[in-house]
Amino acid sequence: LTIPVVLGTPRQGSSNDFAGRPPLTLVYLSVAEQMDAWDNHSDKGYCALIDTGADNTAIDSIAAAAIGAQPAGSASIHGWKGAETRVDLVRISVVFPVGAIFSTYAAIRDFRGDGQPFDLILGRNFLQNCVLTADGPNAFYQLEWVGSGS
């Protein structure tokens, strides 16, 4: 299954070329387990950042609250500046319009409060189930779902 990926708008101070525009995809979210996620996902679409530098998946606090996700544990995470932060985890299913479903624990973060244009980060725990092609000269990403994970 090919998951559509688009180039987002440049972040403030970034260029309007391939390097300055983040790869984004539309997803739906659910707190249901994978078998029920397709029938029980949110009607609202959420914007997910494909992040090859992130170890795991993270969800914006507003999006987590909107789908009724309840804390299911906590973890320490390391930000890109090396700072360690303790965060709550929620169990979510990420539902892609093409029919792929990825269930995982996601760290709750404040992306929208930080001015980010996305509600979710899909890190390497998600990407291990995909083939990601990045074609910089043609400003193109392709994301093919080849497995299931949690």
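Not measured: the values here are computed from a predicted model.

J.: Explain the pattern of salt bridges to me, please; I cannot follow it from the model alone.
T.: Pairing between side chains becomes possible if they bear opposite charge and their charged atoms approach one another. A complete count under the given rule lists two salt bridges for this structure. Close ionic contact of arginine 124 with aspartate 55 constitutes a salt bridge, the shortest N to O distance being 2.1 Å. In this pair, arginine 124 is assigned in helix H3 (residues 124–127) and aspartate 55 in the loop between strand E4 (46–50) and strand E5 (58–60), connecting sequence segments 69 residues apart. In this structure arginine 124 comes out as partly exposed when scored by relative accessible area, which is 39%.

J.: Would you mind going over the layout of surface pockets with me for this structure?
T.: Where empty space is left in the structure can be found by rolling a water-sized probe over the atoms. Approximately 1100 Å³ is the volume attributed to the largest pocket. Counting residues per element, the ones that place at least two in the lining of the largest pocket are E4, strand E6 (71–78), strand E7 (84–95) and strand E8 (101–109). It is E8 that provides the largest number of residues to the lining of the largest pocket, a total of five residues.

J.: Before we go on, may I ask you to explain the sheet that holds strand E10 (residues 130–135) in this structure?
T.: Each strand in a sheet pairs with another by means of backbone hydrogen bonds, the pair being arranged parallel or else antiparallel. Here we have three strands laid out as an open sheet, ordered E1-E11-E10, and antiparallel in their pairing. The outermost strands of the open sheet, each flanked by one partner alone, are strand E1 (2–3) and E10. Judged from the six bridges that link them, E10 and strand E11 (residues 140–145) form a sheet pairing that is antiparallel. Of the residues in E11, the one forming a bridge with alanine 134 is tyrosine 141.

J.: In this structure, what is going on with the environment of valine 90? I would like to understand it.
T.: Residue position: valine 90 is located in strand E7. The buried category is assigned to valine 90, whose relative accessible area is 0%. C-alpha of valine 90 to C-alpha of threonine 9: the two residues are 81 residues apart in sequence and 28 Å apart in space. Residues in contact with valine 90, not counting those within four places in the same chain, are Ile59, Ala69, Gln70, Pro71, Ala72, Thr104, Tyr105, Ala106 and Ile108.

J.: Just to check I follow, could you spell out the packing of aromatic side chains for this structure?
T.: What characterises a pair of aromatic rings is the spacing of the ring centres plus the angle enclosed by the ring planes. Tallied over the full model, the rule gives six aromatic pairs. Ring centres of phenylalanine 96 and phenylalanine 126 lie 5.4 Å apart, and the angle between their planes is 25°; this geometry places the pair in the stacked category. Here phenylalanine 126 lies in helix H3 and phenylalanine 96 lies in the loop between E7 and E8, a separation of 30 residues in the sequence. Like phenylalanine 126, phenylalanine 96 is buried. Between phenylalanine 102 and phenylalanine 126, the ring centres sit 5.4 Å apart and the planes meet at 70°, which makes this aromatic pair edge-to-face. A residue pair is termed long-range when its members are at least 10 positions apart, and phenylalanine 102 in strand E8 and phenylalanine 126 in helix H3 qualify at 24 residues. Taking the ring centre of tyrosine 46 as reference, the NZ or CZ of lysine 44 above it sits at 4.2 Å.

What counts, and at which threshold
Residues numbered from 1 in each chain as written. Predicted model: local features only at pLDDT ≥ 70, side-chain atom pairs only at ≥ 80, totals over all residues. Heavy atoms only, no water. Salt bridge = Lys/Arg side-chain N within 4 Å of Asp/Glu carboxyl O. Helix = DSSP H or I, 4+ residues; strand = E, 2+ residues; numbered from the N terminus. Buried < 20%, exposed > 50% of the residue type's maximum accessible area, 1.4 Å probe, protein only. 1 Å grid on protein atoms, 1.4 Å probe; cavity = no way out; pocket = protein on both sides within 12 Å on 5 of 7 lines; lining within 4 Å. Points joined across faces, edges and corners; volume = space filled by probe spheres on them. Pairing = 2+ DSSP bridges. Contact = heavy atoms within 4.5 Å. Phe/Tyr/Trp six-rings, centres within 6.5 Å; stacked < 30°, edge-to-face > 60°. Lys NZ or Arg CZ within 6 Å of the ring centre and 35° of its normal.

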